[in-house]
Amino acid sequence: MRSCARDPAPALEATGVSLIYGSGPTAVHAVNQVDLAVHPGEMLALMGPSGSGKTTLLLVLGCLLQASAGRVRVEGREIAPLPPAALSHLRLTRMGFIFQSYNLFPALTALENVQLALELKGYDLQEGRDLLHRVGLGERLGNYPRQLSGGEKQRVAIARALAGDPAILLADEPTAALDSANGRAVVRLLAELVHDQGRAAIIVTHDPRIGDLSDRVVHMEDGRILP
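What you see is a predicted model, and the numbers here were worked out from it, not measured in a lab.

(A) Summary view of empty space enclosed by the protein. Here the structure, examined in full by the defined rule, presents 1 cavity of 30 Å³ or more. Of the voids in this model, the largest cavity is the one considered here, and its volume is about 30 Å³. As for the largest cavity, its lining consists of L58, L59, L64, F97, I98, F99 and L170. The biggest single contributor to the lining of the largest cavity is strand 6 (residues 95-99), with 3 residues.

(B) Spatial organisation of the pattern of salt bridges. Applying the stated rule across the entire model yields 6 salt bridges. Between E42 and R216 there is a salt bridge; the shortest N-O distance is 2.8 Å. Remark: R216 occurs in strand 9 (residues 216-221) and E42 occurs in the loop between strand 2 (28-38) and strand 3 (43-47); sequence separation between them is 174 residues. Here E42 falls in the buried class, since its relative accessible area comes to 0%. Exposure remark for R216: the relative accessible area of 23% places this residue in the partly exposed category. With its nearest N and O atoms 3.7 Å apart, the salt bridge here joins R71 to E78. Among the residues examined, R71 registers a relative accessible area of 43% and is labelled partly exposed.

(C) Seen up close, the sheet that holds strand 6. The mixed open sheet is built from 6 strands, whose spatial order is 6-7-8-3-9-10. The open sheet is flanked by strand 6 and strand 10 (224-225), the only strands paired with a single partner. Where strand 3 lies against strand 8 (residues 200-204), 4 bridges are found, and the strand directions are parallel. Looking across to strand 8, one finds that M43 is bridged to A201. Strands in contact with helix 6 (residues 180-195) are strand 3, strand 6 and strand 8; relative to strand 3, the strand with the most contacts, it is inclined by about 135°.

(D) Summary view of helix 3 (residues 110-121). Between its first and last C-alpha, helix 3 extends 18 Å over 12 residues, near the 16 Å set by a 1.5 Å rise per residue. Residues of helix 3 that are buried: A110, L111, N113, V114, Q115, A117, L118 and K121. Looking at the packing, one finds that the buried side of helix 3 touches helix 2 (84-94), strand 6, helix 4 (127-134) and helix 5 (150-161). Of the residues one or two after helix 3, G122 is the one with positive phi, at around 80°.

(E) Structural context of the packing of aromatic side chains. Taken as a whole and assessed by the stated rule, the structure comprises 1 aromatic pair. Each ring, one from F97 and one from F99, has its centre 6.2 Å from the other, and the planes form 5°; the classification is stacked. Its end group placed over the ring of Y144, R146 keeps NZ or CZ at 4.9 Å from the ring centre.

(F) Expanded view of the sheet that holds strand 1 (residues 12-21). Pairing is antiparallel in the open sheet, where 4 strands are placed in the order 2-1-4-5. One side of each edge strand has no neighbouring strand; the edge strands of this open sheet are strand 2 and strand 5 (77-78). Strand direction decides the pairing type here: strand 4 (residues 69-74) and strand 5, joined by 2 bridges, are antiparallel. Residue pairing in the sheet places R73 in a bridge with E78 of strand 5.

(G) Expanded view of the layout of surface pockets. Each pocket or cavity is described by its volume, and for the largest pocket that value is around 410 Å³. Contributing to the lining of the largest pocket are 16 residues, with F97, A117, L120, K121 and R160 lying nearest its centre. Contributions of two or more residues to the lining of the largest pocket are made by helix 2, strand 6, helix 3 and helix 5. Considered class by class, the residues forming the lining of the largest pocket number 9 nonpolar, 4 polar and 3 charged. What the second largest pocket holds in volume is close to 240 Å³. Taken together, 15 residues make up the lining of the second largest pocket; nearest its centre are L65, Q66, A67, I79 and A80.

Definitions and limits used
- Residues numbered from 1 in each chain as written.
- Predicted model: local features only at pLDDT ≥ 70, side-chain atom pairs only at ≥ 80, totals over all residues.
- Heavy atoms only, no water.
- 1 Å grid on protein atoms, 1.4 Å probe; cavity = no way out; pocket = protein on both sides within 12 Å on 5 of 7 lines; lining within 4 Å.
- Points joined across faces, edges and corners; volume = space filled by probe spheres on them.
- Helix = DSSP H or I, 4+ residues; strand = E, 2+ residues; numbered from the N terminus.
- Salt bridge = Lys/Arg side-chain N within 4 Å of Asp/Glu carboxyl O.
- Buried < 20%, exposed > 50% of the residue type's maximum accessible area, 1.4 Å probe, protein only.
- Pairing = 2+ DSSP bridges.
- Contact = heavy atoms within 4.5 Å.
- Axes fitted to C-alpha atoms, helices over the stretch in contact; angles between N-to-C directions.
- Expected span 1.5 Å × (residues − 1).
- Phe/Tyr/Trp six-rings, centres within 6.5 Å; stacked < 30°, edge-to-face > 60°.
- Lys NZ or Arg CZ within 6 Å of the ring centre and 35° of its normal.
- Nonpolar A, V, L, I, M, F, W, Y, C, P; charged D, E, K, R; others polar.

Written as structure tokens, this is what we have:
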């Protein structure tokens with residue numbers, strides 16, 4: 001792990017956050033009283049066994065699931081009072097999401113996949129070329145997902161997540177579908193994007209390579225953060 005100089009104000013913060021499915025004796029605490037903060041310029045790896053609550057916590061922090069209890073703040077702003085439209089705008093403008101399955105549109109080229117995100121955010125479509133060059137795909141702008149390797153598809157997904165220059169990156173197992181060489185390349189790229197550009201990132205992963213390049217590793221089990 002590496003160390004970083006942290007901004008005193010967290011980019012993303014959870015205080016006493018729980019998410020409970022059901023009620024009474026059959027209630028399931030998918031996330032249980034979690035306190036967590038990530039700062040600008042910090043890459044945090046969230047690790048733990050399958051079913052430990054990592055992805056559920058990521059979705060709560062990404063304003064995609066509503067917590068049953070506790071507080072989530074994005075850049076100091078508490079999200080609980082915000083209506084759905086405001087939460088959608090917050091996700092669109094301040095967060096970038098990266099998933100294991102890439103979630104690319106198969107009928108769009110690499111460039112068009114990124115430009116679609118830029119269009120939704122009201123940014124110049126020309127920035128799509130710049131983003132793909134930044135992730136090393138300047139020669140693959142016109143290729144469709146079926147013409148790209150797994151590592152290249154994940155790089156397109158990362159470029160799309162960077163559309164609109166979000167302050168926070170949230171990634172769910174971004175290297176799980178990749179071979180070792182592509183996995184290492186994606187890990188290095190994510191670290192560069194966080195540390196060189198002052199973003200905050202939470203990466204759910206089983207990949208020790210991400211832990212090695214992260215500023216902090218947090219372990220979860222049974223919905224709780226381990227001490």
